[in-house]
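Each chain, letter by letter, is given below.
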Amino acid sequence: MTMKTVFALVAAAPMLLSAADPAPIRGFLTERLEAQRTLEAKARAIPDPVRARQYMRRMAAEPHHAGSRGSKAVADYAAGLFRDWGLETRIEEFEALLPYPTTRRLEMTAPVRYRAHLVEPAMREDPDSRDADQLPTYNAYSASGDVTAPLVYVNYGVPADYEQLKKLGIDVKGKIVLARYGGSWRGTKAKVAQEHGAIGCLIYSDPREDGFFQGNVFPSGPFRPMESAQRGSVMDMPVYVGDPLSPGWASEKGARKLPREQASTIMRIPVLPISAEEALPLLRQIGGPVAPEAWRGALPATYHVGPGPAEVHLAVDFDWSTRPIYNVIATIPGRELPNEWVIYGNHHDAWVNGAADPVSGAIALMETARTAAELVRGGWRPRRTLMFALWDAEEFGLIGSTEWVEKHLPELRGKVVAYINSDMNTAGTLSAGGSHVLETFFRDVARDCVDPKSGKTLLEVAEASDGGAKPSPFRLGSPGAGSDYVAFVHHAGIPVLNIGFRKPGAQGTYHSIYDSVAWFEKTMDGDYQYSKALAQVMATTVLRLSETDLYPLEFSGLDRTVTEAAAALQAKKVNVAAVTASLARLRAAAVRYEQAYGSRLQGGAGDAIAAANEVLRTAEQALLRETGLPGREWYRHQIYAPGLYTGYSARVLPGAAEAEIAGRTEEANEQASIAAEAIDRFTALVERATAALGARAE
């Protein structure tokens, strides 16, 4: 599973600017800047691409899906390395409903007969494609079912596509739909089909978005071969994530569980992913109107929408067992503030071998942890506690991280400064998203690092990346769903960052047997320089958060993001007056805070900064509402949430935005007022922090 972002940094290994550069590091007292820069320089000299390669070849050597012996073996391997490096390490075990397929059958029964083989073939060029214990192509949390019906092609299978079908006079009720990947997350396609009365859903990888239309396919290039299909969960993640049977509480042995039929995130219709090769015979037999031009893919067929005359028989069934999952947690206790935590996480489970997703990110985390351990061996200890987490069962629905957050929620809310996440990390550009209170902090990281290819700073590259005549302002993408930061920000109210390098073709073998070491080293990061680079970026990030004097939060990015969302809602006739007024109060408070911040960092630390930090550590939590968003109480953040139908992408002011989309204007107005109350709570904490820093009340 991968991140979605709105800004990208072209990047390689970070390096310091000249020692003569006077630019401050946000959150640090002036007298501590030189020592911090020296520490960061030492840290960035440690990550080693040779070690990264060793981790990759060991962790991606065999399939290691959640609940399997392979996943436990990877967890044990990582835990062993952490212990060898001197980190306090434990494996926390949870359990979750992890369905494995027992029946998968797809055949066209009319007007001609065809049976899909539903197997990705082994390749001579990729030894791992022959590995035993591969999970076959399937969608986790599909319903079991055995159905036969005419086929309807629904393009991406998002709500707008069904509106287009309605205009064409086509109803999918009682039909099986064929959707192509793209346009939204796979779970959205199944959910929307279900909501429109379809009795089954097929999802295929069209080469236009995911194959030869984009470039050379593996083994010649990075993109998806015709015979490859994308596995993945279709859990309804915008409702809640984690174990479907324990929404809001940790799934441990002996804990209560919902009956499966009450789990609202499990689909009610059978769903199956297929390859382009398997979709082509079906597309050729669909009749009815020719599909709109925008609906046409790259397969050699005229795309029709149906229904029929193609009729298909779809049968899927599962072993609906609860299985163990294993989170690896490694800790370096803080020297001064051990009860303040900085956490960096990545998942370790994969659908098959998972070289890119997730091992490419996991190996960067391991090199970051080893970097910190090497600094400890040299006599340093972090000011705050550093924690490194490798989560299990992310692929099924962010389960390992979610269960851990739900178990430790009160402690996390009192102690965690920030959660930093990575996932896939291939090469090329560095993408980042997260909580906007950390935007300026990460801007500083980009400002203080250079791109060795161009000699420019990463910030300069970021701001010039759109190719325009003038630089574009640096921005973080809003946090939606898609990786293990979700429970931290949306449920616990902890600021997050989600960071990783990406290049064209990075998702070319996503969730297939070809996401292998051979594919990764041939087409992505064969010399592991970007694994080293991400470890250097992450070391810089966690060291700054650990060592900072005053938490490096800043509020203009949040103000801008919410202001833009409010303006868009106002254009749609939603009453956002309360939001606008709350933002004005936040803006004024932020100005006063910056004045106090600047004065205090020049004037020394003492109790004032400690008091301000105590307030700021819970600031993001002020944006939560304990009763959650309408219809999805698990999501508590009133500023960010994944859209109900956008997949991984975020909605800003989600309560109001989703109500407006559904045509519920009164509810949209009410939700806007609720969001304004959250902003006011946040502003009150900013004002308290300002007072703690010694600012004169205005």
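It is worth spelling out the overall build of the chain at this point. A count of helices and strands for the chain gives 20 helices and 19 strands. Computed over the C-alpha atoms, the radius of gyration of the chain is 25 Å, within 12% of the 26 Å expected from 2.2 N^0.38 for a compact globule of 698 residues. The principal-axis extents of the C-alpha atoms in the chain amount to approximately 80 × 60 × 60 Å. Taking all 698 residues of the chain together, 63% fall into the buried category. Contacts in the chain between residues at least 24 apart in sequence constitute 81% of all its contacts with a sequence separation of at least 6. With 75 positive and 83 negative side-chain charges, the chain shows a separation of 1 Å between the mean positions of the two kinds.

Below, the discussion takes up the packing of aromatic side chains. Tallied over the full model, the rule gives 23 aromatic pairs. Relative to Tyr514, the ring of Phe218 has its centre 6.3 Å away and its plane inclined at 50°; by these criteria the two rings are tilted. You can see Phe218 sitting in the loop between α6 (207-210) and β9 (232-233) and its partner Tyr514 sitting in the loop between β17 (496-502) and α14 (517-523), a full 296 residues away along the chain. Comparing Phe218 with Tyr514 shows no difference in burial state: the two are buried.

With that out of the way, let us pick up the pairing of strand β6 (residues 145-153). Bridge count for β6 against strand β11 (residues 311-319) is six bridges, and the pairing is antiparallel. Looking at the pairing, Val147 lines up with Leu314 of β11. Bridging between β6 and strand β7 (residues 176-180) involves three bridges; their strand directions are parallel. Paired with Tyr153 across the bridge in β7 is Leu178.

Right, let's get into the pattern of salt bridges. Following the criterion strictly, the structure yields 38 salt bridges and no others. As a salt-bridge pair, Glu547 and Arg32 come within 3.8 Å of each other at their nearest N and O atoms. In this pair, Glu547 sits in helix α15 (residues 529-547) while Arg32 sits in the loop between β1 (8-10) and α1 (33-44), placing the two residues 515 residues apart along the sequence. The closest approach of N and O atoms between Arg323 and Asp319, which form a salt bridge, is 3.3 Å.

Let's shift gears to the confidence of the model for the chain. Here the chain averages 93 in pLDDT, while 95% of its residues score no lower than 70. Segment residues 1-21 is flagged for pLDDT under 50; beyond a separation of four residues in sequence, or across chains, it makes 93 contacts in the model.

The relative placement of two packed helices is expressed as an angle between their axes plus a distance between the axes. As a packed pair, helix α2 (residues 49-59) and helix α8 (residues 355-377) sit with axes 9 Å apart at the nearest point and diverge in direction by 135°. With respect to α8, the element α2 is oriented oblique. At the point where α2 passes α8, the crossing takes the right-handed sense. Contact residues: Arg51, Ala52, Tyr55, Met56 and Met59 in α2; Ala355, Val359, Ser360, Ala362, Ile363, Met366, Glu367 and Arg370 in α8. Residues that form the contact of α2 with α8 fall into these classes: nine nonpolar, one polar and three charged.

Before going further, it helps to spend a moment on the sheet that holds β6. Overall, mixed pairing links the seven strands, which are arranged β4-β3-β11-β6-β7-β8-β10 in an open sheet. Across the chains shown, the open sheet's two edge strands, defined by having one partner strand only, are β4 (114-115) and β10 (271-274). Judged from the nine bridges that link them, strand β3 (residues 100-110) and β11 form a sheet pairing that is antiparallel. Across the sheet, Met108 pairs through a bridge with Val312, a residue of β11.

Examined against the element boundaries, Asp236 turns out to sit in the loop between β9 and β10. Among the residues examined, Asp236 registers a relative accessible area of 8% and is labelled buried. Along the sequence, Asp236 and Gly397 sit 161 residues apart, while their C-alpha atoms lie 8.8 Å from each other. Beyond its immediate stretch of four places on either side in the chain, Asp236 contacts Lys191, Ser264, Thr265 and Met267. Reaching out from Asp236, the side chain makes a polar contact with the side chain of Lys191 at a distance of 3.1 Å.

As a further point, take the packing of α8 against α15. Interaxial distance between α8 and α15 falls to 8 Å at its minimum, and their mutual angle equals 55°. Viewed along their axes, α8 and α15 adopt a mutual orientation that is oblique. Crossing of α8 against α15: the hand is right-handed. Of the residues in α15, those in contact with Ile363, Ala364, Glu367, Thr368, Thr371 and Leu375 of α8 are Ser531, Leu534, Ala535, Met538, Ala539, Val542 and Leu543. Of the residues belonging to the contact of α8 with α15, the class tally is nine nonpolar, three polar and one charged.

Looking now at the environment of Glu660. Its location among the elements puts Glu660 in helix α19 (residues 654-661). Glu660 sits 447 residues away from Phe213 along the chain, and the two C-alpha atoms are 37 Å apart. Contacts of Glu660, omitting those with residues within four sequence positions, involve Leu569, Lys572, Val574 and Ala668.

With that out of the way, let us pick up helix α20 (residues 665-692). Relative to the 40 Å expected for 28 residues at 1.5 Å per residue, α20 spans 41 Å between its end C-alpha atoms, a close match to the ideal helical length. Where α20 terminates, the next one or two residues include Gly694, which has phi positive at roughly 100°.

The next point concerns empty space enclosed by the protein. Where empty space is left in the structure can be found by rolling a water-sized probe over the atoms. According to the stated counting rule, one finds seven cavities of 30 Å³ or more in the structure shown. Roughly 50 Å³ of internal volume is contained in the largest cavity. For the lining of the largest cavity, the secondary structure elements donating two or more residues are β16 (429-434) and β17. The class makeup of the residues in the lining of the largest cavity is three nonpolar, six polar and one charged.

Before going further, it helps to spend a moment on the side chain of Arg224. As for its placement among the helices and strands, Arg224 is situated in the loop between α6 and β9. Under the relative-accessibility criterion, Arg224 is labelled buried at 2%. Among the polar contacts listed, one links the side chain of Arg224 to the side chain of Asp210, at a separation of 2.6 Å. Once residues within four sequence positions are removed from consideration, Arg224 is found in contact with Ser205, Asp210, Gly211, Phe212, Val217, Ala229, Gln230, Gln507, Gly508, Thr509, Tyr510 and Ser512.

Along the chain, Asp243 falls in the loop between β9 and β10. This buried residue, Asp243, is left without a salt bridge; Lys257 holds the nearest opposite charge, at 5.1 Å. Separated by 3.1 Å, the side chain of Asp243 and the backbone nitrogen of Leu97 make a polar contact. In this structure the side chain of Asp243 is engaged in a polar contact, spanning 3.0 Å, whose partner is the side chain of Ser251. In this structure, Asp243 is in contact with Glu95, Ala96, Leu97, Ser251, Lys257, Ile399 and Glu403, ignoring residues within four places of it in sequence.

Glancing now at the pairing of strand β12 (residues 322-332). Across the 11 residues of β12, nine count as buried, placing the element largely inside the fold. Both strand β2 (residues 88-97) and β12 contribute to a ladder of 10 bridges, which runs antiparallel. Opposite Phe94, over in β12, you have Ile325 as the bridge partner.

Parameters at a glance
- Residues numbered from 1 in each chain as written.
- Predicted model: local features only at pLDDT ≥ 70, side-chain atom pairs only at ≥ 80, totals over all residues.
- Heavy atoms only, no water.
- Helix = DSSP H or I, 4+ residues; strand = E, 2+ residues; numbered from the N terminus.
- Rg over C-alpha atoms; globule rule 2.2 N^0.38 Å.
- Buried < 20%, exposed > 50% of the residue type's maximum accessible area, 1.4 Å probe, protein only.
- Contact = heavy atoms within 4.5 Å.
- Lys, Arg positive; Asp, Glu negative; His and termini not counted.
- Charge placed at Lys NZ, Arg CZ, Asp CG, Glu CD.
- Phe/Tyr/Trp six-rings, centres within 6.5 Å; stacked < 30°, edge-to-face > 60°.
- Pairing = 2+ DSSP bridges.
- Salt bridge = Lys/Arg side-chain N within 4 Å of Asp/Glu carboxyl O.
- pLDDT = per-residue confidence, 0-100.
- Axes fitted to C-alpha atoms, helices over the stretch in contact; angles between N-to-C directions.
- Parallel < 35°, antiparallel > 145°, perpendicular 65-115°, else oblique.
- Left-handed = near helix turned anticlockwise from the far one by under 90°.
- Nonpolar A, V, L, I, M, F, W, Y, C, P; charged D, E, K, R; others polar.
- Polar contact = N/O pair within 3.5 Å; in protein donor to acceptor, adjacent residues only side chain to side chain.
- Expected span 1.5 Å × (residues − 1).
- 1 Å grid on protein atoms, 1.4 Å probe; cavity = no way out; pocket = protein on both sides within 12 Å on 5 of 7 lines; lining within 4 Å.
- Points joined across faces, edges and corners; volume = space filled by probe spheres on them.

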